[in-house]
Amino acid sequence: MRDHICSTGCNHFSHLNDADLQGEFKEARQSLRAAIGGKPTAGIAGLAGVTERALPSKKAGEHVSHYYVPANNKTIHWGYFSKTMEPLLKLESGDYATIETITHHSNDDIERMVKGDAGAESIFQWDANSKAVDRRGAGPMDDPLGAGGGLGVHVCTGPIYVNGAEPGDVLEVRIVDTMQRPSGNPDYRGKTFGSNVASNWGFHYNNLITEPKGREVITIYEVDASGEQTWAKAVYNYRWTPQTDPFGVVHPIIDYPGVPVDKSSIKPNYDVLKGYEIPVRPHFGMIGVAPVEADMVSSIIPSYSGGNFDNWRMGKGATAFFPVVVPGAMFSVGDPHASQGDAELCGTAIECSLTGLFQFILHKKADLPGTKLYGLDYPLLETESELVVHGFSSPNYLKEFGVDGTSELFKKSSLDSAMTDAFNKTRRFFMDTRNLTEDEAISLISVSVDFGITQVVDGNWGVHAIIKKAVFPK
């Protein structure tokens, strides 16, 4: 069989070492850029500040571009995937995009995570008269909590349309590099901040042992914006208190994204996690393509098309593969994290804005037989040494429960069903792409594959299987 199919480090596209491309991203590490020195793109993208620059090519007639996609109230959609949205931009297979992503928890500390950052300020603008991004979630626009109902919470940058992508194809997304988004507040120059929320949707919430029970606690972490310091430290924490949003709605719990926290209503505790250093491993918790089953679906629940599956390995050097089920694939990315443990137990990671450099490569359906992408109907992650298969309690919850049946999914999610799905997919992977018998596959899985809990907080619980490439025949 053909095992090779354009993974990380492949020479098929040669621009990963392009000096200008790397120089632009290096410069962005020093000061957040709103452009890459290219020309504004046409249509909605150009109006939103997206720029494009052609990259040199070794192939005559080949045109490869690098796009810069800033995060602002015109380039993001909040809390949902949609196959019917107007795409932010259209690119070709082989193109690159530097994409800014903003955490939906930025308003947990406005001074550190919003103030002075023009992009974040444009997204989180909300006063008694207006809200810059009204819809937050896939729910009804007249929901009492706010437009969209918070049925989906992530600030998603995109969607990006890949020309030529058709149902049955596979979209490869290489994460070439990542960088922390520096605070825009001059008081915190050179620093990045993130928020960890021990929330009402966390696995721990109904198992607290100290009073007061039913509390939600926000911990603010500091990260080095340059990326040179590889650990984060806690700055302070506070308990959520009922917050009244600018439209006058009271939120006794964290039930709607982006509610600004009134500093005068909380009691910060700076004496937390003294001396603890949390390893920083930046990654994107929500990354994927639009599903076909509905026009608009929540960003919270992961599924076969990717989305919010919260695997901390989805960082620099990783490659993700997604089954294409709608024309153009309609790729979006968000939920950026500075760090997270497997399971994301309390409900969130260190939610921290990031910028990523991505390359997009389209694999046509006719080319998939005999490769590791054959039969792919789930998000597959690849690192230098591993392949990671993702299983869920419901492999396709939209098909099983319908877009309005997510409450049943939340009730029925379990690690048993997620483990079964991860095993089934891993067995099929070995049988279909490595030509093993079922007995061979089962033995190999049991003696060499590590299964882990991806997350237990996104409604559709996840178990991943880590396949070490070293076990494959040389």
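All of these numbers come straight from a predicted model, not from anything done at the bench. (Residues numbered from 1 in each chain as written. Predicted model: local features only at pLDDT ≥ 70, side-chain atom pairs only at ≥ 80, totals over all residues. Heavy atoms only, no water.)

Draft legend 1. Spotlight on the pairing of strand E24 (residues 386-392). Taken across its seven residues, E24 has six buried, putting it largely inside the fold. As judged from the three bridges shared by strand E23 (residues 380-382) and E24, these two strands associate in the antiparallel manner. The residue of E24 that forms the bridge with Leu-381 is Val-388. Between E23 and E24, which pair antiparallel one after the other, the connecting turn spans three residues. Sheet analysis places E24 next to strand E26 (residues 462-468), joined by seven bridges and oriented antiparallel. Looking at E26, one finds that Leu-387 is bridged to Ile-467. (Buried < 20%, exposed > 50% of the residue type's maximum accessible area, 1.4 Å probe, protein only. Helix = DSSP H or I, 4+ residues; strand = E, 2+ residues; numbered from the N terminus. Pairing = 2+ DSSP bridges.)

Draft legend 2. Spotlight on the environment of Val-259. Along the polypeptide, Val-259 turns up in the loop between strand E14 (250-251) and strand E15 (278-279). Residue classification places Val-259 among the buried positions, given a relative accessible area of 4%. Between the C-alpha atoms of Val-259 and Gln-243, which are 16 residues apart in sequence, the distance is 7.6 Å. Those residues in contact with Val-259 that sit more than four places away from it in its chain are Asn-107, Trp-126, Trp-240, Gln-243, Asp-245 and His-251. (Contact = heavy atoms within 4.5 Å.)

Draft legend 3. The packing of aromatic side chains, seen in detail. This structure, assessed with the given rule, holds twelve aromatic pairs. Each ring, one from Phe-284 and one from Phe-358, has its centre 5.3 Å from the other, and the planes form 50 degrees; the classification is tilted. Linking Phe-284 in strand E16 (residues 283-289) with Phe-358 in strand E22 (residues 354-363), this pair joins segments that are 74 residues apart in sequence. When sorted by exposure, Phe-284 lands in the same class as Phe-358, which is buried. Aromatic side chains Phe-331 and Phe-360 sit 5.1 Å apart centroid to centroid with 75 degrees between the ring planes, which places their arrangement in the edge-to-face category. In this pair, Phe-331 is assigned in strand E20 (residues 331-339) and Phe-360 in strand E22, connecting sequence segments 29 residues apart. (Phe/Tyr/Trp six-rings, centres within 6.5 Å; stacked < 30°, edge-to-face > 60°.)

Draft legend 4. Structural context of the layout of surface pockets. Of the voids in this model, the largest pocket is the one considered here, and its volume is about 830 Å³. Taken together, 43 residues line the largest pocket, and the ones lying closest to its centre are Gly-150, Leu-151, Gly-152, Val-153 and Ile-300. Within the residue set of the lining of the largest pocket, elements represented by two or more residues are strand E17 (297-298), E20, helix H5 (397-401) and helix H6 (406-412). Taken together, the residues of the lining of the largest pocket break down into 19 nonpolar, 16 polar and eight charged. (1 Å grid on protein atoms, 1.4 Å probe; cavity = no way out; pocket = protein on both sides within 12 Å on 5 of 7 lines; lining within 4 Å. Points joined across faces, edges and corners; volume = space filled by probe spheres on them. Nonpolar A, V, L, I, M, F, W, Y, C, P; charged D, E, K, R; others polar.)

Draft legend 5. Just empty space enclosed by the protein, in detail. In this structure the tally under the stated criterion is three cavities of 30 Å³ or more. One number sums up the size of the largest cavity: a volume of about 90 Å³. Along the walls of the largest cavity sit 14 residues, with Arg-112, Met-113, Arg-181, Pro-182 and Ser-353 positioned nearest its centre. Mapped onto the lining of the largest cavity, the elements with two or more residues apiece are helix H3 (110-113) and strand E10 (191-198). A total of three residues in the lining of the largest cavity trace back to one element, the largest contributor, which is E10. Among the residues forming the lining of the largest cavity, the class breakdown is five nonpolar, five polar and four charged. Considering only enclosed or pocket space, the second largest cavity measures out at about 70 Å³ in volume. For the second largest cavity, the lining is made up of 13 residues, of which Phe-81, Pro-291, Val-297, Ile-301 and Ser-305 are closest to its centre. Counting only elements with at least two residues in the lining of the second largest cavity, the list comes to E17, strand E18 (306-307) and H5.

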